[in-house]
Every structure is written in structure tokens, then in C-alpha cells.
Amino acid sequence: MTGPGRRPAAIPSGGRASGFSLIELMIVMVLVIALFGLVGTSISRSLRGAELRNEAREIIAGLRHTRGRAIVERAETVFQVDADARTWQAAGEATRQLPEGLDITLTTARSELTGENAGGIRFYPDGASTGGSVLLSVDDREWFVTVGWLTGEISQAPPEDS
């Protein structure tokens, strides 16, 4: 309070008023924005990894379905992959489209190729197959699903950082 005979409040002995300067506030805001950017990138990467793992599980289920159907029906069945269209199809099921950003690559016997980037893995009534592998990838992550030619066994190899 200032009144007759009173002096205004004095500035502390350091010569500066208390509080934050505009530059200090701007630096803090830039750091907060950078932090949110890093967190957003991390969350996006985690979501991509989850999509990759989920699609690998779906493909494994499709391969197992195709193999089981060959054994039960005592007939040859084929698991189809089209890398250009980014689709795959289990025997007797609808064609499935990969989520945006995921890529698929098929390695199979030459006799099972139906195009430059398309083909299948054939399963026989005794459970054996032509063998091959399906590679799913997103950004720098990859997931391998392999099918043994002699036994038709389906296995997976996740990325090393998962």
C-alpha cells in the first residue's frame, strides 16, 4: 500500500523482479512441444508394432486353417498371397487386406508362383506342404512366418527387439 509517508515496495536486492521472463516461458514451451512430439512418435511406432504382431497371428491362423482343411478334407489346399495387392487368403475363406503401411512378401516353391509377386503355399492331405515363408514388414520391423515342407509345421520368428 502506498499512502502519505509510505514508500512503494522495493525490488529485491538482486535488482530483478520475481517471476519468469518471456524468454524463459518460450524455452519451456518449446521443450514441452518437443516432448509431446517424441511421445507421439513413440506411440505411433508402438501401434505399428501391434498391427504387425496382430497380422502375423492372423496369417498363422490362416495357414493352420488351410493345413487343417487339407487333412480333414483329404484334398490339397492352398494358402494364397498377393504381395502387389497386399492381400492373403486362407483356403475357403475371404481374401484379407493388410492394414495400411504393412507389406507382405512370399517365398515359396517356383511351381506355386501365380505371378511375379503372387503365389501360394500348398498343403497336402498328409499334412506336408510345398514349404515357404511369409515376411511381414512395417518401417524397419519384420516378422517371419515359416512353413516346413516335410511336416507342414508353421512357426514364427518375431523381430529381435520385440
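Residues numbered from 1 in each chain as written. Predicted model: local features only at pLDDT ≥ 70, side-chain atom pairs only at ≥ 80, totals over all residues. Heavy atoms only, no water.

Caption draft 1: Spotlight on the sheet that holds strand 4 (residues 103–108). The strand order across the open sheet formed by 4 strands is 4-7-8-9, and the pairing between neighbours is antiparallel. Each edge of the open sheet carries a strand with a single partner, namely strand 4 and strand 9 (154–157). In this sheet, adjacent strand axes meet at a mean angle of 15° when their direction is disregarded. Direction of pairing for strand 8 (residues 141–147) relative to strand 9: antiparallel, over a ladder of 4 bridges. Across the sheet, the residue bridging to Thr 146 is Ser 155, located in strand 9. (Pairing = 2+ DSSP bridges. Helix = DSSP H or I, 4+ residues; strand = E, 2+ residues; numbered from the N terminus. Axes fitted to C-alpha atoms, helices over the stretch in contact; angles between N-to-C directions.)

Caption draft 2: Just the pairing of strand 6 (residues 118–123), in detail. By the criterion of burial, strand 6 is predominantly enclosed, with 5 of the 6 residues buried. When strand 1 (residues 77–82) meets strand 6, the two strands line up antiparallel, connected through 6 bridges. Counted as the bridge partner of Val 78 is Arg 122 from strand 6. Where strand 5 (residues 113–115) meets strand 6, 2 bridges bridge the pair, whose relative direction is antiparallel. Paired with Leu 113 across the bridge in strand 6 is Gly 119. (Buried < 20%, exposed > 50% of the residue type's maximum accessible area, 1.4 Å probe, protein only.)

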